[in-house]
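As a plain string of letters, each chain reads:
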Amino acid sequence: MMRGRGYLAFFVGISLTAWTCYFVMEEQQKLQVQAGFQRDAEKVARDTQSRLQIYFDSLHGMKGVYAVNDRIDRLHFHRYVNELKIDKRYPGFQALQFVRVVPEAQLPAFVERVKRDTSVDPKGYPDFYLHPASARSPHYIIEYTEPLKGNENAFGLDLSALPQHLKALELGRDSGEIVATGRITLVQDASGEPGFVARAPVYRNDVPLETTAQRREAIVGFVAIVFRMNTLMREVVDPALLEHLHLRIEDGGFQNGKPLDPGVDPLMYDSDGRVESHQERAELVPGLVTQTVLPVGQRNWIMKFEGRAGSRYGRSQLPVVLIGVAGFTISGLIALLLVANRRESDARHGLEFSLKELELQKNNVEEARNDLSRVVATLKQAQTNLQTSEKMASLGALVAGVAHELNTPIGNSLLTASALGDMVRDFERRLKEDGGLKRSALESHLGDARKACDIMTSSLTRAADLITSFKQVAVDQASGQRRRFRLDEVLHDTLATYAAQLRRASCSVTVDVPADLVFDSYPGSLSQVLSNLIGNALLHGFDGRDDGTLWISARREGPDLAVLQLRDNGVGMTDVVLHKIFDPFFTTKMGQGGSGLGMNIVYNIVTSVLKGTIRVESVPAEGTSVTLVLPLWLKEDVLQA
Ligand code: ADP
Ligand code: MG
């Protein structure tokens, strides 16, 4: 459903974008492009007009010369035109001419005069002739043409034979204004290029010129400028502009005359028709068209402008493309946003859901926790029970062990004692019966009695020893004295009691204990531990060895711990032995002086009296290492516990 909305948003966005693009194109067309185009067209028209004005002013100037002197001869005309330097300053000119009005009657005399005119060319113009032949009077003959070179065809041209020209001449004569011809193909060259001629009438100076009749009467001739359209327009219009603008100039006929005949070619100029412009022109922009009417020498020129596609008038693609891209992107983003929003709300729903789920789970966990704590309580109870029963069991085992151990020596003593009792009764009886006792019998009896006493003594000594050990098993904290002591001193004292045995076993002892290692603990208990460990090394480790080494080292660990290590290079232990080493009555020397209580006592003293830990490592045939980690001082609460 949201996805649908996303698509809809996208579609609407795209539609809006498309419409905006279209609108922008239209607006560009209407406002900017059209305005720019209009400006360009007007400028070209204005430039054309002002250029023509400059040319026409030179025509007025020539007319002015005639106003000073209406008998300007060929030389004067020649000099005047030379002075204008038309090739440099007015390249649009093809030629400047003077057209003489000659009535029919004066024609032969006129021709003769021209032929013999040597004012410019010393040879005169013997080949001068009138063309084409005309019977109309008066004749309008091109008498001077400057420059003559290139315009020879025009020299002697009788314009009365050419209706186009004649009409313009008569209009000029009657109005006194500058009059332009329509499109003519210049007689001067064969290029067929269109041109036109603008002429200003010249009258006699001494007569009034108010009316048409007076002007017709006073007409002398015309000064004329021959224009080549293409050259003229090249001066007016920037060629670069023609890349963007197509210009056609058509002749619209005389301002107050009839429109041109359909048969007449009105085209004066076509910017595309120029000889040198072979290059491809860009497409015309539809609708980009305007036209201006330009008055030129009593005629109307119609300037038709068309705009071309491209940078100047073409619809600029960039804004449209930018708008398109931006619109597309924005639409896409909005659509994405909508879709993402849905995802988000999905996620929110999901979140709420999982929060509920979490709450539920929490309750479950709470319940489980309660269950668990109940279980833990039960377990603790069970543990306490177990510990108690364990204690009972070990106590039972201990009692059984004690009974078993004491059984032999006490049994032996009992047996010997009863045997001794028998012997004594027997001796008594014999003493009463015989009265006299043989000396040998007495001696034998005494020997037996002494033997029995020896047996009983040794058995009871053994029993007493065992009982001493048993007393140690039940560790009595209060029995020891707590005080400050130096470890090295205690170690030294303990080693001293073993001096004889160590010497006998060829055992060397290496001690590395710093003197500043001071304990505040139970030196008696520690000494008991040390003697047990040293005794074990002698009894078990070096058993069957010729010699051995015992390393004893200690170091401080942290502010209140000491690590004490005893290591021998004796026979070592298997894993099985190592596993049972702390068990009471576990010994591998049963009947050979081992009680199996030594390590058990050590363990109990280290953990309960000295509040430390013990670790035994051993490799068979390599040796045994016992590591004790002991606190340097005991806390009060620890002591009270
Ligand atoms: P006991 O010394 O009376 O045999 P203990 O509890 O002291 O009993 O030791 C248990 C057993 O651990 C010994 O029988 C012996 O096998 C083994 N044991 C103890 N210390 C060493 C040692 N340093 N080298 C080899 N075996 C040892
Ligand atoms: Mg022992």
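Residues numbered from 1 in each chain as written. Chains lettered and ligands numbered in written order. Predicted model: local features only at pLDDT ≥ 70, side-chain atom pairs only at ≥ 80, totals over all residues. Heavy atoms only, no water.

### A short note on the UniProt feature "transmembrane region" (unreviewed entry) in the chain
Alright, step 1. If you check UniProt for "transmembrane region" (unreviewed entry), the listed places come out as residues 7-25 and 318-339 in our numbering.
Alright, step 2. Taken as a whole, residues 7-25 contains 100% helix and 0% strand, while its terminal C-alpha atoms sit 27 Å from one another.
Alright, step 3. Taken end to end, residues 318-339 is 100% helix and 0% strand, and its first and last C-alpha atoms sit 31 Å apart. (UniProt positions renumbered as here; feature names shortened; annotations may be inferred. Helix = DSSP H or I, 4+ residues; strand = E, 2+ residues; numbered from the N terminus.)

### Notes on the layout of surface pockets
Empty space among the atoms can be located by rolling a probe the size of a water molecule over them.
Alright, step 1. Roughly 1,200 Å³ of volume is contained in the largest pocket.
Alright, step 2. As for the largest pocket, its lining consists of 44 residues, of which Asn532, Asn536, Leu539, His540 and Gly598 are closest to the centre.
Alright, step 3. Of all the secondary-structure elements, those providing two or more residues to the lining of the largest pocket are helix 9 (439-473), helix 12 (523-541), strand 15 (561-568), helix 14 (598-609) and strand 17 (623-631).
Alright, step 4. Examining the composition of the lining of the largest pocket, we find that 11 residues originate from one element, helix 12, more than from any other.
Alright, step 5. Of the residues belonging to the lining of the largest pocket, the class tally is 18 nonpolar, 21 polar and 5 charged.
Alright, step 6. Two domains each put at least three residues into the lining of the largest pocket: domain 3 (398-474) and domain 4 (483-640).
Alright, step 7. In this structure, the second largest pocket occupies an estimated 590 Å³ of space. (1 Å grid on protein atoms, 1.4 Å probe; cavity = no way out; pocket = protein on both sides within 12 Å on 5 of 7 lines; lining within 4 Å. Points joined across faces, edges and corners; volume = space filled by probe spheres on them. Nonpolar A, V, L, I, M, F, W, Y, C, P; charged D, E, K, R; others polar. Domains from an automatic or database assignment.)

### Remarks on the confidence of the model for the chain
As a note on interpretation, predicted positions should not be read in detail where pLDDT is low.
Alright, step 1. For the chain, the average pLDDT comes to 85, and 91% of its residues sit at 70 or higher.
Alright, step 2. Confidence over residues 274-278 falls short of pLDDT 50; this stretch has 6 contacts with residues more than four positions distant or in other chains.
Alright, step 3. Under a pLDDT of 50 for its full length, residues 637-641 has, in the predicted model, 6 contacts with residues more than four places off or in other chains. (pLDDT = per-residue confidence, 0-100. Contact = heavy atoms within 4.5 Å.)

### What to know about the nonpolar core
Alright, step 1. Counting residues in each nonpolar core, the largest one holds 51 residues, and the members touching the most others are Phe77, Phe196 and Phe227.
Alright, step 2. Element by element, the count of residues in this core is highest for helix 1 (residues 2-68), at 11 residues.
Alright, step 3. A domain split of this core shows at least three residues from each of domain 1 (69-236) and domain 2 (237-308).
Alright, step 4. In terms of nonpolar packing, the next biggest core, distinct from the first, is built from 46 residues, Leu530, Leu538, Leu550 and Met573 among them. (Core = buried A, V, L, I, M, F, W, Y, C linked by side-chain atoms within 4.5 Å. Buried < 20%, exposed > 50% of the residue type's maximum accessible area, 1.4 Å probe, protein only.)

### Focus: the site of ligand 1
Alright, step 1. In the vicinity of ligand 1, 18 residues are found, and the nearest of them are His540, Thr587, Thr588, Ser595 and Gly596.
Alright, step 2. The contact in question runs from a nitrogen atom of ligand 1 to an N or O atom on the side chain of aspartate 568, over 3.2 Å.
Alright, step 3. At a separation of 2.5 Å, an oxygen atom of ligand 1 approaches a polar side-chain atom of threonine 587.
Alright, step 4. Because more than half of its atoms lie within 2 Å of the grid, ligand 1 is assigned to the largest pocket.
Alright, step 5. The set of elements that each furnish at least two residues to the shell around ligand 1 consists of helix 12 and helix 14.
Alright, step 6. It is helix 12 that contributes the most residues to the shell around ligand 1, 4 residues altogether.
Alright, step 7. By residue class, the composition of the shell around ligand 1 is 6 nonpolar, 11 polar and 1 charged. (Near = heavy atom within 4 Å. Polar contact = N/O pair within 3.5 Å; in protein donor to acceptor, adjacent residues only side chain to side chain. Sits in = over half its atoms within 2 Å of the grid points.)

### Thoughts on a nonpolar patch on the surface
Alright, step 1. A surface patch of nonpolar side chains, about 410 Å² in accessible area, is lined by Leu8, Phe11, Val12 and Leu16.
Alright, step 2. Following the sequence through the fold, phenylalanine 11 ends up in helix 1.
Alright, step 3. Classification of phenylalanine 11 by relative accessible area gives exposed; the value is 56%. (Patch = residues over 30% accessible without salt bridge, like charges linked within 9 Å, V, L, I, M, F, W, Y side chains within 5 Å. Areas by Shrake-Rupley, 256 points an atom, 1.4 Å probe, with all protein chains shown as cover. Salt bridge = Lys/Arg side-chain N within 4 Å of Asp/Glu carboxyl O.)

### Looking at the pairing of strand 6 (residues 219-228)
In the case of a regular strand, side chains alternate between the two sheet surfaces.
Alright, step 1. Burial analysis of strand 6 places 10 of its 10 residues in the buried class, which makes it a mostly covered element.
Alright, step 2. When strand 1 (residues 93-102) meets strand 6, the two strands line up antiparallel, connected through 7 bridges. Bridge assignment links leucine 96 to a residue of strand 6, and that residue is isoleucine 225.
Alright, step 3. Pairing geometry for strand 5 (residues 194-203) and strand 6, over 9 bridges, is antiparallel. The residue bridging alanine 200 from the neighbouring strand is valine 223, located in strand 6. (Pairing = 2+ DSSP bridges.)

### A word on the sheet that holds strand 9 (residues 284-296)
Alright, step 1. Strand order in this open sheet of 4 strands is 8-7-10-9, and the pairing throughout is antiparallel. The open sheet is flanked by strand 8 (267-270) and strand 9, the only strands paired with a single partner. The sheet shows a mean angle of 15° between the axes of neighbouring strands, direction not considered.
Alright, step 2. Two elements, strand 7 (residues 245-254) and strand 8, share 3 bridges in a ladder whose sense is antiparallel. Along strand 8, the bridge assignment pairs arginine 248 with aspartate 270. (Axes fitted to C-alpha atoms, helices over the stretch in contact; angles between N-to-C directions.)

### So, helix 10 (residues 487-497)
Alright, step 1. Within helix 10 the residues assigned to the buried category are Leu487, Asp488, Val490, Leu491, Thr494 and Leu495. Buried residues of helix 10 fall within an arc of 160° about the axis and therefore sit on the same side. Exposed residues lying more than 90 degrees from the buried face of helix 10 are His492, Asp493 and Thr497. (Arc of directions from axis to C-beta.)

### Structural notes on the packing of aromatic side chains
Alright, step 1. If you walk through the whole model with that rule in mind, you get 15 aromatic pairs.
Alright, step 2. Measuring from centroid to centroid gives 5.2 Å for tyrosine 125 and phenylalanine 155, while their planes differ by 80°, and the two rings are edge-to-face. Of this pair, tyrosine 125 sits in the loop between helix 4 (107-115) and strand 2 (139-146) while phenylalanine 155 sits in the loop between strand 2 and helix 5 (163-175), and the two are 30 residues apart along the sequence. Comparing tyrosine 125 with phenylalanine 155, the two get one shared label, buried.
Alright, step 3. By the ring-pair criterion, three or more aromatic residues cluster together here, those being Tyr55, Phe56, Phe196, Phe227 and Trp301.
Alright, step 4. Taking the ring centre of phenylalanine 254 as reference, the NZ or CZ of arginine 299 above it sits at 4.2 Å.
Alright, step 5. Stacked on the ring of tryptophan 551, the Lys or Arg arginine 567 has its end atom at 4.3 Å from the ring centre. (Phe/Tyr/Trp six-rings, centres within 6.5 Å; stacked < 30°, edge-to-face > 60°. Lys NZ or Arg CZ within 6 Å of the ring centre and 35° of its normal.)

### Here's the deal with helix 4
Alright, step 1. When we look at burial in helix 4, the residues that qualify are Leu107, Phe110, Val111 and Val114. Angular distribution of buried residues about the axis of helix 4 spans 95°; they occupy a single face of the element.
Alright, step 2. Buried-residue contacts for helix 4 involve helix 2 (74-84), strand 1 and strand 2.

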